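The chain contents come next:
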Amino acid sequence: MPVMTMAQEQQKTTHDFAAGRTNRYLTFLLALSLVILPGCAARARLAAVPDAFDDRAHVPGMDTGIRYFPRDPAHVQLFIDDYLKSLELEKAYRATQDHTGPLSATAFLAVSGGGDNGAFAAGFLNGWTKAGTRPQFKLVTGISTGALIAPFAFLGPAYDKKLNELYTSISFKDIAKKRSFLSIVTNDAMADNTPLKHLVKKYIDQDVLEAIAAEHAKGRMLLIGTVNLDARRPVIWNITEIAASHRPKALELVQSLLIASSAIPGTFPPVMINVEVDGKKYQEMHVDGNTAAQIFVYPAAIRLKEVAQTVGVERERKLYILRNARLDPEWAQVERKTLPIAFQAITTLIQSQGVGDLYRIYSVTQRDDIDFNLAYIPPTFKTPHTKDFDTVYMRALYDLAYGMAEEGYTWSKKPPVLVPGSE
C-alpha cells in the first residue's frame, strides 16, 4: 500500500473534516426540519374534488369534452365519439380539397417522457424532415418532455427550428431555480420552475394555439397526458379541442397543462387546475404524466379498427414511437447508502415501466392492425451526462438522432427485450 506524503495526509484530513462537517450540517438541517415540520402549514389550495364527484368535475368556461379518463368506461366512450367526429371532419376537409373516395393511409406519433433526453425526439424529427419522408400525423400524443415536443411535432416541419432551439440551446437555469434544503418540508417542490413557465409562454403563444385549432378542423388530434394526484388517475387532454374552443382562457389552460405534464413530483411544483362541480369550486393537483405511463397512444380499451369500421372507414394505419431513453440497462455500482439505493431503485422502476408501456402498446397495435415502429436512444450513445439539461449532452444527442433519421432509420418493428443488441 503506497505511503502518503505529509501534504497528502493533510489534504486527506482536510477533505475528511469537510465531508464530516457537511454531513453534520445536513443532519442538523434534517433534524431542524423535523422539529419545525409540525408548525409548517401546507401551501394553500382549494379542496380536492370528492371521490364521488370526480367524474363530474369540469374546467370552468370549457366544454366537458376536453379530457378523458382512460380507465373510466364513460370516458372511453367519450374518446370514441371524439375520434369518430375527427373522421367526419377529415372527410369534410378532404372534400374541400377535391379528394374523393375512401380515406387514405394515416400515421400516428407518440413521443415519450425523458427530461433532457427530449433532445433525441427533437433531433429525430428535424432529421426526418431533412430525409423528406416525415408524414403528417393524424394523431400526436406526448407526455412529460414529450408533451412539450408534441405541439411542434403536430404542427409540422415549419416548427422544426423552435424544436432545435428548445433542445440545443437551453440549460438548467432556463428550466428551474433550486430552492433551499428546507423546501423539502416547507414547500411543494425542491425547485421553482418559473423559468420553464416563461419558456412555455414564449414558445406556445396565441399564434401556435390558432395553428393547432386550424388542424382540428382537418380532423387531426393532439393529446397530452397528466396525472391527477388527488384521484391517482391518468388524464388525457385533447389540446385540439381546447384550441378550437377559442375560449378566453384556452391559451392559459394549454400552457398550464404542458407545464403540468412535465412537473416531476417533488422536483417541480404541481399545477393546480381549477374545476367546478355543480357550481362549487375545487382544485385538482396535476403532475408529470410519467407518474402513470412513459408513453401512450389512446386508451387500450378502444378497439380502434372496429370503431372506425362502424362508420365505414377502412385504412392502413402506422404508429411511430419516439422513446426518449435507452432501453438497455445502464450498469452502475451502487453505494450502500440510503439515497443512492433509493435513487437507483426508482430509476430501475421507471425504466421497467417504460418497457412495459411499449409491450402494452405493441399488443394493442397487433389487435387493431396498426403497423408498429419504434425509435430509441441506442446503447452506442456514450456522451457523459454529468448534470440535468447539460447543453453539451443535449446537442450531442440531438445530432445523433438527426443523423439517424436523415440517413433513413430502420425502425424496430417490436419492443426490444432488455438485452443489448437484441429485438
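Everything discussed here concerns the structure shown above.
Residues numbered from 1 in each chain as written. Predicted model: local features only at pLDDT ≥ 70, side-chain atom pairs only at ≥ 80, totals over all residues. Heavy atoms only, no water.

Draft legend 1. Summary view of the overall build of the chain. Counting its secondary structure elements, the chain contains 13 helices and eleven strands. Looking at the 423 residues of the chain, the share that counts as buried comes to 48%. Taking the contacts inside the chain whose residues are at least 6 apart along the sequence as the reference set, 76% of them involve residues at least 24 apart. When the accessible area of the chain is evaluated, it comes to approximately 21200 Å², of which 57% is carbon and sulfur surface. (Helix = DSSP H or I, 4+ residues; strand = E, 2+ residues; numbered from the N terminus. Buried < 20%, exposed > 50% of the residue type's maximum accessible area, 1.4 Å probe, protein only. Contact = heavy atoms within 4.5 Å. Areas by Shrake-Rupley, 256 points an atom, 1.4 Å probe, with all protein chains shown as cover.)

Draft legend 2. Seen up close, the packing of helix H3 (residues 118–131) against helix H5 (residues 160–168). Packing of H3 against H5 leaves a shortest axis separation of 9 Å and a crossing angle of 150°. Taken as axis vectors, H3 and H5 run roughly antiparallel relative to one another. In this structure, H3 meets H5 at a crossing whose hand is left-handed. Every residue of H5 that contacts H3 at Gly 118, Ala 119, Ala 122, Leu 125, Asn 126 and Thr 129 is listed here: Asp 160, Lys 161, Leu 163, Asn 164 and Tyr 167. (Axes fitted to C-alpha atoms, helices over the stretch in contact; angles between N-to-C directions. Parallel < 35°, antiparallel > 145°, perpendicular 65-115°, else oblique. Left-handed = near helix turned anticlockwise from the far one by under 90°.)

Draft legend 3. Seen up close, the pairing of strand E6 (residues 221–228). Here E6 lies mainly inside the structure; eight of its eight residues are buried. Neither face of E6 is left uncovered, since the one carrying Met 221, Leu 223, Gly 225 and Val 227 and the one carrying Leu 222, Ile 224, Thr 226 and Asn 228 both have all their residues buried. Inspection of the sheet shows strand E3 (residues 139–143) paired to E6 by five bridges, in the parallel sense. Paired with Gly 142 across the strands is Ile 224, a residue of E6. (Pairing = 2+ DSSP bridges.)

Draft legend 4. Region of interest: helix H13 (residues 391–406). The first and last C-alpha atoms of H13 sit 22 Å apart over 16 residues, in line with the 22 Å expected at 1.5 Å per residue. Those residues of H13 lying buried are Thr 391, Tyr 393, Met 394, Leu 397, Tyr 398, Ala 401, Gly 403, Met 404 and Ala 405. In this structure, the buried side of H13 is in contact with H3, H5 and strand E11 (370–377). Immediately downstream of H13, the backbone of Gly 408 shows phi near 95°, a positive value. (Expected span 1.5 Å × (residues − 1).)

Draft legend 5. Structural view of unusual backbone geometry. Even without a glycine there, the phi angle at Asp 98 is positive, about 60°. Within the secondary structure, Asp 98 sits in the loop between helix H2 (73–96) and strand E2 (106–111). Even without glycine at this site, Phe 389 takes up a positive phi of about 55°. Tracing the backbone shows Phe 389 in the loop between E11 and H13. Looking at Phe 389, the relative accessible area reads 14%, which means it is buried.

Draft legend 6. Summary view of the environment of Ile 66. Within the secondary structure layout, Ile 66 lies in the loop between helix H1 (6–36) and strand E1 (67–68). The spatial distance from the C-alpha of Ile 66 to the C-alpha of Ile 236 is 8.6 Å, given a sequence separation of 170 residues. Those residues within four positions of Ile 66 in sequence are excluded, and the remaining contacts are Val 59, Ile 236, Trp 237, Asn 238, Glu 241, Ile 242 and Leu 253.

Draft legend 7. Layout of the pairing of E3. Of all the five residues making up E3, five are buried; the element is thus mostly covered by neighbouring parts of the structure. In E3, alternate side chains face the same way, and those of Leu 139, Thr 141 and Ile 143 on one face and Val 140 and Gly 142 on the other are all buried. Once you follow E2 into H3 and on to E3, the crossover reads as right-handed. (Right-handed = clockwise from strand over helix to strand, strands pointing away.)

Draft legend 8. Summary view of the packing of helix H4 (residues 145–155) against H5. Remark: H4 packs on H5, axes separated minimally by 9 Å, with the N-to-C direction vectors making an angle of 155°. By the angle between their directions, the pair H4 and H5 is classed as roughly antiparallel. Helix-helix and strand crossings are classified by hand; for H4 and H5 the assignment is right-handed. Seen from H4, the contacting residues are Thr 145, Leu 148, Ile 149 and Phe 152; seen from H5, they are Lys 162, Leu 163, Leu 166 and Tyr 167. Considering only residue class, the contact of H4 with H5 consists of six nonpolar, one polar and one charged. (Nonpolar A, V, L, I, M, F, W, Y, C, P; charged D, E, K, R; others polar.)

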